[in-house]
Structure formats: C-alpha cells, structure tokens
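Residue-level listing of the chains:
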Amino acid sequence: MTSSMETDVDTELQRDWSYKHGDALFEILAELRQAGNFCDAVIRVGKQRYPIHRNILSASSSYFMSLFTSQEFGTVHNEVIIPGAPPDLIRILIDFAYTNTAGITPANVENLLSLADEYHVTGLLKLCCEYLQKSLTCQNCLGIFRIAQFFGCKGLEKAAWKFTLRYFSNIYLASNEFLQLSRDTICELLSSDHLNVSCEGFVFDALCRWVEYDTTSRVQFMRQLLSTVRLGLLPSGDFKKKVKGHFLIESCQECAPLIEETERVLDDLDKTEEPDFDMTMSFIRPRVPHEILFVIGGWSGGLPISMVETYDTRADRWIVCKSEDDTPRAYHGIVALGCLIYIIGGFNATDCFNSCRVFDTRTKLWSEVAPMNSKRSYVSTAQLHGLIYAMGGFEGPPRSTVSAMTVPRMRSAERLNPKANQWTFIAPMVERRSDASATTLKGEIYICGGFNGTECLNSAEVYNPLTNQWTLLPAMTNRRSGVGVIAYNDFIFAVGGFDGDSRVSSAEKYNPLEREWLSVPDMHNNRSNFAIEVIDEMLFVCGGFDGETTIFNVECFDYNTQEWYNATDLNLYKSALSACVVRDLEVMTDYIYKKKERTPDKTKEKTKSDG
C-alpha cells in the first residue's frame, strides 16, 4: 500500500463509539498516568513498561476488561506481558484509550489495525479503517480491500470495492495487486453491473492482462472470464479485431460458442435501424453508469418547458423523468452540488425570474431556496468551492422587441452560499453580457461571449474569488452569443453560438498557460443556446437552435481522437436548455435506461420561431 497521507486523527466528532476528547476527567487521568500516580497495573513489552489504570483500558477494550476483571488478576499479579508487539504501537494503543486520538501513518496503519483487532480496541480499529478509507488510491485500493476482508471490516471492504468499481479503468493498469486477485474475485469484479467502464474493450484488456500474468495456470479460465465481458455492447469491428482475433480466444475451443452467439447478435443489431437491448441477456445488458447527465427545461414548440431528461452513457439513451418542476423555464442556468441540482433564473414566456429552485435527485422533490438579488434570464452560472455563481443576464422579457432595445444587459454578478441560504453581490464583470456561458478551472471562473445589447461579443474574462477581481482575457477568434463554454482537459472550450449573422458550428479552446485561443474541429451541426457538459471524459452538446428551428441533435467530442461523434438524440426538440452532471448517486438506477419506452413525437415540437 502506498499513500502520502500522515496525520493525527481526532475522533471527538465521530459516532457513538467516540469519547469526548475535551473531558477534564480524561485529561487528568492522562496526566496521572504520565506521572505514574494511582496506576494499578503495568503493561510490559520487552524491556518497556507502561503503568496504566485498569478502568481506562477496560473502557477502551473488551480484551482488557475481561483480563482485568478476572479473579486471578490483581490478587496474583498486576502485570500484563505482550510478547512480540512493537513497543511504539502498544504506546499508541494505550494513548488512544486515554485521549481518543492516534498518530496514524502509512507506515504503521496496517500493523496498528492488526493490533487493535487482536486486543479488541474497537474505537482504534474504526479509526484505522476511516484513515484507510480516506487514503484510497488506484494503486492501493485492492490491497486495502484485502486487508478489510481479512479483518472483517465490512464498511472499509465495501468502500474499497466501490472505489475499485468506480476507478477500474485506471486501476487495472496502475495496480499490480490487480494481477494477484483470485479467479473468483476477478470474475466478480468484471461481471459487476456497477463496473465503471466507458467501453467493454477495457474489460477484455483487463482479463487478458490478468491471464497473461500467469498464462500457464490461468488460461484454463478463459471461457469463464470471457463471459464477464458485455461482448454485445462492442461495435462489430472492434469485436472481430480485438476479441475474436485475439490469440487467447483463438486457442480456446470452449470460447467458440460464446463468440458465435455474439457474432449472431451483433449481425442482427447491425441490420436493425433502431437496435434495442435485450436486458435479459447478460452479455448485452448495459452496465450502470457512475454519472448521469441531466438536461432540464428549455424552449420548445413556442413555449418554455419543464421537462427533465437524463442521459445514460452506457446505453446511449435519453430517459424522460417524471419529476418535473411546476414552473416551466428557459434561458436559465443549472448547477449540481452533490445530489442537489440548482435551477437559477430564466424566463417563463411572461416574466424573468430571480428565483432559485432545487431538485433533490435522491427524493425527486423540488424546493425553493433564497432568490437572487436581481432577475436574470440568459444568465451564466457556475459553481466553485461549494458556492454558486450567477453572472450577467437580462432583466427584461427576452422575447420582447421593445425591452430588447431599452433594457441593458447586466454586468452584475452574485453568488449563493447554500449553507447560509443567502445571495451576495461580488465584483461586477468588465463587460455587460447576457447569453454568455461560464465554467470553472483551477479555482477561477471563466465567462466568454454573449450579447451586450448592441453586438455579439468575442471577449472573455476570468474571476479570481480570492481577490474579488475580473480580468479581461485575450479575445476569442469569433463572436459568440448563445455559446457553450466548458472546462475540458485543462482548456476552456467555447463552442458554437451566434456571431451576429448566423449560428455557427465552429469551436475553439483557450490555453490559460499560454494565454491564447486555439482552433478545435467543427461540430456537425450549427447551433446556439444549447446545453454543454463533460461526461465520461467526452464533451457533449445537446439540442439548441440552428438558425431556422430548434433541434434535438446530440454530439460529443473526444479529445484523444479530436473528432465529433453523433450520440442518440434528445426526446424533444428544444433550445435554451441547461445541463449538469450528478455523480455516484445511490439511486442511479432510477435515472438509467431499463427498457424500450415510447418517446414523444419530435416532429410535432419543431418550430421556426424558437431561438
């Protein structure tokens, strides 16, 4: 196990097994022990002697309670000899009984946990488990999982297993402990519905790495291992090239029936215009994603909507959620904080909002939090360090020609502290801007493009929350109103938008280190006022307005290949929508694809008036 963490952990605020660290009684007893006063027993380790109070050790350990309350102890002797244990660890164990703190380090945590388990010091055992849980990395998680299993630490075992599933794509390459897993454990891991892989090719690579580590003894398990791969989710070309042609498969006759069945299913899917999943067949059932893309609200059919759609990346399917808000809105912003989604500002075809609504993805309930100080439609939003920012926008009805000419766009910006439930103004931006887009990168907020009431903007600026200052950046190559801005691979991407003449498909990225804008391949579709997010290490754009009509098209950009790919369309034509990503939900299955559902007739929602 490896970890750079080293800390003293105070369990004062832990659960029902903790002591109150500040109690004067324990402070006095600790001082008495240090002075050797009123001690009624001695713990001896080698040549090291530790005078102690039996009642304190008994309160901390059922082992010592049983020992010290025995008839023999105290009448025959009052010394406990602990053979073989390192004196410094016994000292930590004794100190914990008096202070409820322990100096846990990467070097001593495993031995300390073993000692706490042997002498039934439950509090110290739990403290070690919490330390290990906070220390989980891709390199050590499987080792910690093994330790937790050995000592029966169910909570730590579950946490390490969950971590392994979550970061599997990195773990199978980074962890040598992966190669040491037993056959049963490797099969359980690879067959899990919750294994987090963007492509089943990674699962096949992982099993091959495990087999090739000891081919002679492990190749006999190829058939069992191959059945853990969702082969039916692989593209036909990848299946034939990567799997069918692999030397381990070609040399395994037992794998032939599974290969033939997969070929038949893939051929049938290739012939189907809209292939669907047979959820009863394990080798074609999508796994459960660890993050879900939410798209909420928008403008469709000439009206604002309250529709909530979620995107299941594993199934490449959009699901319409039944948990809609009562208030339709468009030209709003949304931000995810943990399991809560904040819907900020916007427009309902009559009024602009300063309201802020919250959707709890666990309970499916909507609630209201403190309103902003200003009404804002065409608002730009972002979250940083647990605070929510709302910048710029437009106070007048967006679709009114009169107000569009008379109501100025806003420079003001404000932020919400969710814990205090209060919005406060921050420094105003350098430029007035509505219909811009914002994102965060490395502790700063970037906002790009928009409309100042007179012209579309190519300007961009960055906000430093430590100094409460906005600073202009080099201008973008193109003017972009209704732009999508997102942090992706340490760059600021600015995608699409309206340049004053037409909707564009172009994209560019800003390098903060070099302070320059660089070109990015064009999208397939011209669009403005669309949703943009990063999920599964891909940049997704959804819906929008192409200059003539609202669209439902979704496409994604892969930084590694520098290409755009089409994804499954939204269930409804819409623009002025917003998106966010929620990760590691306990109720994730409530938002993923389960079976083929009837979707709305998209052709009925199309209208040239949407923009």
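Predicted model, so just to flag it, every value in this text is computed and none were measured.

Quick look at the overall build of the protein chain now. Helix and strand counts for the protein chain stand at 17 helices and 29 strands. Of all 611 residues assigned to the protein chain, the portion counted as buried reaches 53%. At a minimum sequence separation of 6, the contacts of the protein chain that also span at least 24 residues come to 59%. For the protein chain, the computed accessible surface area is about 27700 Å², with 48% contributed by carbon and sulfur atoms.

This part covers the sheet that holds strand E13 (residues 380–384). With respect to topology, four strands assemble into an open sheet ordered E13-E14-E15-E16, the strand pairing being antiparallel. Unpaired on one side and paired on the other, E13 and strand E16 (422–426) mark the two borders of the sheet. The sheet shows a mean angle of 25° between the axes of neighbouring strands, taken without regard to direction. Alignment of E13 against strand E14 (residues 387–391), held across five bridges, turns out to be antiparallel. Note on E14: the bridge partner recorded for Ala382 is Tyr389.

Here the protein chain averages 89 in pLDDT, and 88% of its residues register 70 or above. Low confidence marks residues 1–22, where pLDDT is under 50. Its contacts with residues over four positions away, or in another chain, come to 59 contacts.

So, on to helix H8 (residues 154–166). Taking 1.5 Å per residue, 13 residues should reach 18 Å; H8 reaches 18 Å between its end C-alpha atoms and fits that length. Turning to H8, its buried residues number three or more, namely Leu156, Glu157, Ala159, Ala160, Trp161, Phe163, Thr164, Leu165 and Arg166. Close packing links the buried residues of H8 with helix H6 (122–134), helix H7 (141–151), helix H9 (168–174), helix H10 (183–191), strand E6 (291–300) and strand E29 (578–583).

Relative orientation of the contacting elements helix H5 (residues 109–118) and H7 amounts to 10°, with a least axis distance of 11 Å. Viewed along their axes, H5 and H7 adopt a mutual orientation that is roughly parallel. Where H5 abuts H7, its residues Glu110, Leu113, Ser114 and Asp117 lie against Arg146, Ile147 and Phe151. Residues that form the contact of H5 with H7 fall into these classes: three nonpolar, one polar and three charged.

Summed over all chains, the structure comprises 28 aromatic pairs. Arranged with centres 4.7 Å apart and planes meeting at 45°, the rings of Phe163 and Tyr167 form a pair that is tilted. Linked through ring pairs, Tyr488, Phe491, Phe493, Phe557, Tyr559 and Trp564 together constitute an aromatic cluster. In this structure, Arg503 is placed above the aromatic ring of Phe498, and the distance from its NZ or CZ to the ring centre is 4.2 Å. Across the ring face of Phe491, the terminal group of Lys509 is positioned such that the distance to the ring centre comes to 4.2 Å.

Here the focus is the side chain of Arg480. Inspection of the secondary structure assignment puts Arg480 in the loop between strand E20 (469–473) and strand E21 (484–488). Each residue touching Arg480, except ones within four places of it in the same chain, is listed here: Gly449, Gly450, Leu457, Ala494, Val495, Gly496, Phe498, Val504, Ser506, Ala507 and Glu508.

Further remarks concern the pairing of strand E22 (residues 491–495). The buried fraction of E22 amounts to five of the five residues, a majority that puts the element mostly inside the structure. Of the two faces of E22, both are covered, the one formed by Phe491, Phe493 and Val495 as well as the one formed by Ile492 and Ala494. Across five bridges, E21 lies against E22 in antiparallel orientation. Along E22, the bridge assignment pairs Val485 with Ala494. Counting the residues in the hairpin turn of E21 and E22 gives two residues, including Asn489, whose phi is positive at 55°. One ladder, built from four bridges, connects E22 with strand E23 (residues 507–511); its direction is antiparallel. From the neighbouring strand, Phe493 faces E23, where its bridge partner is Lys509.

Attention now moves to unusual backbone geometry. Located in the positive-phi region is Asp435, a residue other than glycine, with phi close to 60°. The backbone phi angle of Asp536 is positive, close to 55°, even though this residue is not glycine. Its location among the elements puts Asp536 in the loop between strand E25 (531–535) and strand E26 (538–545).

Let us look at the nonpolar core. By size, the foremost hydrophobic cluster in this structure holds 94 residues, and its most contacted members are Ile43, Leu124 and Phe178. If you tally residues by element for this core, the top one is helix H4 (residues 87–99), at eight residues.

On to the sheet that holds strand E17 (residues 437–441). Within the open sheet, the four strands sit side by side as E17-E18-E19-E20. Their pairing is antiparallel. The sheet terminates laterally at E17 and E20, the two strands that pair on one side only. The sheet shows a mean angle of 25° between the axes of neighbouring strands, direction not considered.

For any two helices packed against each other, one specifies the inter-axial angle together with the distance between the axes. As a packed pair, H8 and H10 sit with axes 10 Å apart at the nearest point and diverge in direction by 60°. Considered as vectors, H8 and H10 are oriented oblique to each other. When the axes of H8 and H10 are compared, the crossing they make is right-handed. Contacts between H8 and H10 involve Trp161, Thr164 and Leu165 from the former and Thr185, Glu188 and Leu189 from the latter. Split by residue class, the contact of H8 with H10 holds three nonpolar, two polar and one charged.

Let us now look at the state of the cysteines. Formally, a disulfide is one covalent bond, and it connects the sulfur atom of one cysteine to the sulfur atom of another. Within this structure, the stated rule accounts for zero disulfides. Here Cys138 stays unpaired: no disulfide links it, and the sulfur of Cys141, its closest cysteine neighbor, is 6.2 Å away. For Cys138, a relative accessible area of 15% gives the class buried. Left unpaired, Cys153 is separated from the closest cysteine sulfur, that of Cys129, by 3.4 Å. Its relative accessible area of 7% is what places Cys153 among the buried residues.

Definitions and cut-offs
- Residues numbered from 1 in each chain as written.
- Predicted model: local features only at pLDDT ≥ 70, side-chain atom pairs only at ≥ 80, totals over all residues.
- Heavy atoms only, no water.
- Helix = DSSP H or I, 4+ residues; strand = E, 2+ residues; numbered from the N terminus.
- Buried < 20%, exposed > 50% of the residue type's maximum accessible area, 1.4 Å probe, protein only.
- Contact = heavy atoms within 4.5 Å.
- Areas by Shrake-Rupley, 256 points an atom, 1.4 Å probe, with all protein chains shown as cover.
- Pairing = 2+ DSSP bridges.
- Axes fitted to C-alpha atoms, helices over the stretch in contact; angles between N-to-C directions.
- pLDDT = per-residue confidence, 0-100.
- Expected span 1.5 Å × (residues − 1).
- Parallel < 35°, antiparallel > 145°, perpendicular 65-115°, else oblique.
- Nonpolar A, V, L, I, M, F, W, Y, C, P; charged D, E, K, R; others polar.
- Phe/Tyr/Trp six-rings, centres within 6.5 Å; stacked < 30°, edge-to-face > 60°.
- Lys NZ or Arg CZ within 6 Å of the ring centre and 35° of its normal.
- Core = buried A, V, L, I, M, F, W, Y, C linked by side-chain atoms within 4.5 Å.
- Left-handed = near helix turned anticlockwise from the far one by under 90°.
- Disulfide = S-S within 2.5 Å.

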